[in-house]
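Residue-level structural notes
One-letter residues, chain by chain:
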Amino acid sequence: MSSARGIPKLVNYEIVEKIGEGGMGAVYRATDKLGQIRAVKVIHPELAHDTGLRERFTNEGKTLAAIGRHPNITALWGLLEENNYLFIVMDYVEGEDVERKLKRNGALSVAEALPLFSQILSAIAYAHQQGIIHRDVKPSNILIESSGQIRVMDFGIARIKGGPRSTKVGVPGTPEYMAPELFAEQTQGANELTDIYALGVTLYEMLTAALPFESSATDTNAAYVAIAQKHLKGKPRRPSELVPGLDKEVERVIMKAIAKEPKDRFQTVPEFSQAIDQQVGRLDISAAGQAQPGGAAARGTMVETPLPGTPVVGGGESAFPLWAVAAAWAVAAGIGFLLGRQLP
Ligand SMILES: Nc1ncnc2c1ncn2[C@@H]1O[C@H](COP(=O)(O)OP(=O)(O)OP(=O)(O)O)[C@@H](O)[C@H]1O
Ligand SMILES: [Mg+2]
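For the structure given in this document, a descriptive report is provided here. In every chain, residue numbers begin from 1 and rise along the written sequence. Note on labels: chains are lettered from A, ligands numbered from 1, in written order. Local features are withheld for residues below a pLDDT of 70 in this predicted model, meaning they are given only at 70 or higher, and side-chain atom pairs are given and counted only at 80 or more; totals for whole chains, interfaces and linings count all residues.

1. Details of unusual backbone geometry
- Positive phi outside glycine occurs at Asn84, with the angle close to 70 degrees.
- Within the secondary structure, Asn84 sits in the loop between β4 (76-82) and β5 (85-91).
- With phi around 65 degrees, Asp154 is a residue other than glycine that occupies positive phi space.
- Per the convention used, a helix needs a DSSP run of H or I reaching at least four residues, while a strand needs a run of E reaching at least two, with both numbered from the N terminus. Within the secondary structure, Asp154 sits in the loop between β8 (150-152) and α4 (192-208).

Printed below as a string of structure tokens:
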């Protein structure tokens, strides 16, 4: 049931304003019945029947919710259904996503990018440790708070975007960031090494404001095929061709992360982190993203207690282990009675 302005009307969340729009639907800032601010991603009605998304929530909801404990991850509170709307509830992050930042300011310097990227790696390493593959690492899924704190979002919930679905079953992700093996006919699907490739593309983009491979085709399927071909066979321009003077060692790290052969990439995110830390040390970059005077870098360039509604997944205490944490907050706020209404 949408209002006159097309803004969804939910039962337990009041939509305040639209904050973004992606392939799955629009994202709104909303408040829940306790007045807490949340981000709500309302899934397009035509995708609401996407069984893959629901299945993933059913299978991985518990883990997806639990990884929200990490300081660099946006907590996911649940997948709910109200008034025929299927929507995802997340922490609202006050800040700017990396894609917007790049559009606004252009490429980041090595000194700015590496400390931010270290936090991104720390989020993904933590997820991998919990057995969660992100599947859609890219700048628009990374938010920077005004304090400089990184919050990675949309873990494990990527959907299939574009692609010739009639000829082969695609895998979830965004083509520009997808590893070559994901386009193979016999793909095994996403894993740690495909996330590492997407991380490499993300770092490439942070430092150049350009992508290794893209397509100007306007038709989604044609663009998907063109990009897939380039990931499989194309040679990306070296970042230093786009940003003259870009540190060669940093460039080597990027090129290793986006190696065509999975075996030629960093094999784990901690290994990738170690390589980044080495560069941070070598270039004498401070945590605040500044190259020290004279340093080489200076020269180079789920868990909500979903309130009464119809939780599609995690409708009970057993589905979300962090109910306990949410319950503690609720009790502290003196609203234990509300919680009592939700527990089975
Ligand atoms: N939890 C959040 N807190 C604050 N802003 C958010 C939040 N989630 C999303 N946004 C904003 O909304 C934008 C759109 O997000 P969304 O995930 O729908 O699209 P996307 O990442 O561009 O594409 P995709 O559908 O592939 O994920 C984000 O880029 C971000 O600016
Ligand atoms: Mg997103």
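So much for the structure itself; the text now carries on.
2. Digging into the site of ligand 1
- Near, as applied to residues and a molecule or strand, means the residue's backbone-placed C-beta atom lies within 6 Å of it. Near ligand 1 there are 22 residues, and of these Gly20, Gly22, Gly23, Ala39 and Ser140 occur at the shortest range.
- Among the elements of the structure, β1 (13-21), β3 (37-43) and β5 are those that each provide at least two residues to the shell around ligand 1.
- Looking at the shell around ligand 1 element by element, the count peaks at three residues for β1.
- Think of it as three bins: nonpolar holds Ala, Val, Leu, Ile, Met, Phe, Trp, Tyr, Cys and Pro, charged holds Asp, Glu, Lys and Arg, and polar takes everything else, Gly as well. Grouping the amino acids of the shell around ligand 1 by side-chain chemistry returns nine nonpolar, seven polar and six charged.

3. Focus on α4
- Taking 1.5 Å per residue, 17 residues should reach 24 Å; α4 reaches 24 Å between its end C-alpha atoms and fits that length.
- Downstream of α4 by a residue or two, Ala209 has a phi angle that is positive, lying close to 60 degrees. Given the number of residues in a helix, its expected span is that number minus one, multiplied by 1.5 Å.

4. Overview of the nonpolar core
- To count as a nonpolar core, a set of buried Ala, Val, Leu, Ile, Met, Phe, Trp, Tyr and Cys residues must be joined through C-beta atoms within 7 Å. Whether a residue is buried, exposed or partly exposed is read from the other C-beta atoms within 10 Å of its own C-beta, which are placed from the backbone; 20 or more gives buried, 12 or fewer gives exposed, and intermediate counts give partly exposed. Counting 82 residues, the largest nonpolar core has Phe87, Ile120, Ile124, Leu199, Leu203, Leu207 and Ala257 as the members making the most contacts within it.
- In terms of domain composition, this core takes at least three residues from each of domain 1 (13-94) and domain 2 (95-299).
- When near neighbours in sequence (up to four residues on either side) are disregarded, Leu199 contacts Ile120, Leu121, Ile124, Val137, Ala257 and Phe272. The domain limits used here are those given by an automatic or database domain assignment. Two residues qualify as being in contact provided that their C-beta atoms, derived from the backbone, are within 7 Å of each other.

5. Topic: the environment of Tyr204
- Along the chain, the position of Tyr204 falls in helix α4.
- Overall, Tyr204 belongs to the buried group, with 24 C-beta atoms counted inside 10 Å.
- Not counting residues within four places of it along the chain, the set of residues in contact with Tyr204 comprises Pro212, Pro239, Ile254 and Ile258.

6. So, the pairing of β5
- Within β5, six of the seven residues are buried, leaving the element largely enclosed by the surrounding structure.
- Strand pairing is assigned whenever DSSP identifies at least 2 bridges connecting the two strands. The sheet contact formed by β3 and β5 spans five bridges and is antiparallel. By the bridge assignment, Val40 is partnered in β5 with Val89.
- A loop of two residues connects β4 with β5, the two strands running antiparallel in sequence, and Asn83 in this loop sits at a positive phi of about 50 degrees.

7. Let's talk about the sheet that holds β8
- Spatial ordering of the open sheet is given by β6-β7-β8, a layout of three strands whose pairing is antiparallel. This sheet does not close on itself; its edge strands, each paired only once, are β6 (95-97) and β8. Strand-to-strand twist across the sheet, computed as the mean angle between neighbouring axes with direction ignored, equals 25 degrees.
- Of the strand pairs in this sheet, strand β7 (residues 142-145) and β8 are connected by three bridges, and their pairing is antiparallel. Residue pairing for β8: Ile144 is matched across the bridge by Ile150.
- Here the axes come from fitting lines to C-alpha atoms, over the contacting stretch only for helices, and the angles between their N-to-C directions go from 0 to 180 degrees. Sheet strands in contact with helix α2 (residues 98-105) are β6 and β7, and its direction is about 85 degrees off that of β6.
- Lying over the sheet, helix α3 (residues 110-129) contacts β7 and β8, oriented at roughly 40 degrees with respect to β8.

8. Things to note about the environment of Leu102
- Tracing the chain through its elements places Leu102 in helix α2.
- For Leu102, a count of 20 C-beta atoms within 10 Å puts it in the buried group.
- Sequence separation between Leu102 and Pro139 is 37 residues, and the spatial gap between their C-alpha atoms is 8.7 Å.

9. With respect to helix α8 (residues 269-282)
- Counted at 1.5 Å a residue, the expected span for α8 with its 14 residues is 20 Å, and the 20 Å between its end C-alpha atoms agrees.
- In this structure, the buried side of α8 is in contact with α3, α4 and α7 (248-257).
- Trailing α8 by a residue or two, Asp284 shows a phi angle of about 60 degrees, which is positive.

10. Remarks on the packing of α7 against α8
- The contact between α7 and α8 brings their axes to 10 Å, and the two run at 170 degrees. Considered as vectors, α7 and α8 are oriented roughly antiparallel to each other. Where α7 abuts α8, its residues Glu249, Val250, Val253 and Ala257 lie against Phe272, Ala275, Ile276, Gln279 and Arg282.
- By residue class, the composition of the contact of α7 with α8 is six nonpolar, one polar and two charged. Here is the rule for angles: anything less than 35 degrees is roughly parallel, anything more than 145 is roughly antiparallel, 65 through 115 is roughly perpendicular, and the remaining ranges are oblique.

11. As for the environment of Asp97
- Examined against the element boundaries, Asp97 turns out to sit in strand β6.
- Classification of Asp97 by C-beta neighbours within 10 Å gives buried; the count is 20.
- Each C-alpha atom of the pair Asp97 and Lys138 lies 9.9 Å from the other, and the pair is 41 residues apart in sequence.
- Beyond its immediate chain neighbours, meaning those up to four positions away, Asp97 contacts Pro139, Ser140, Ile142 and Leu143.

Taken by themselves, the reported measurements are silent on function.
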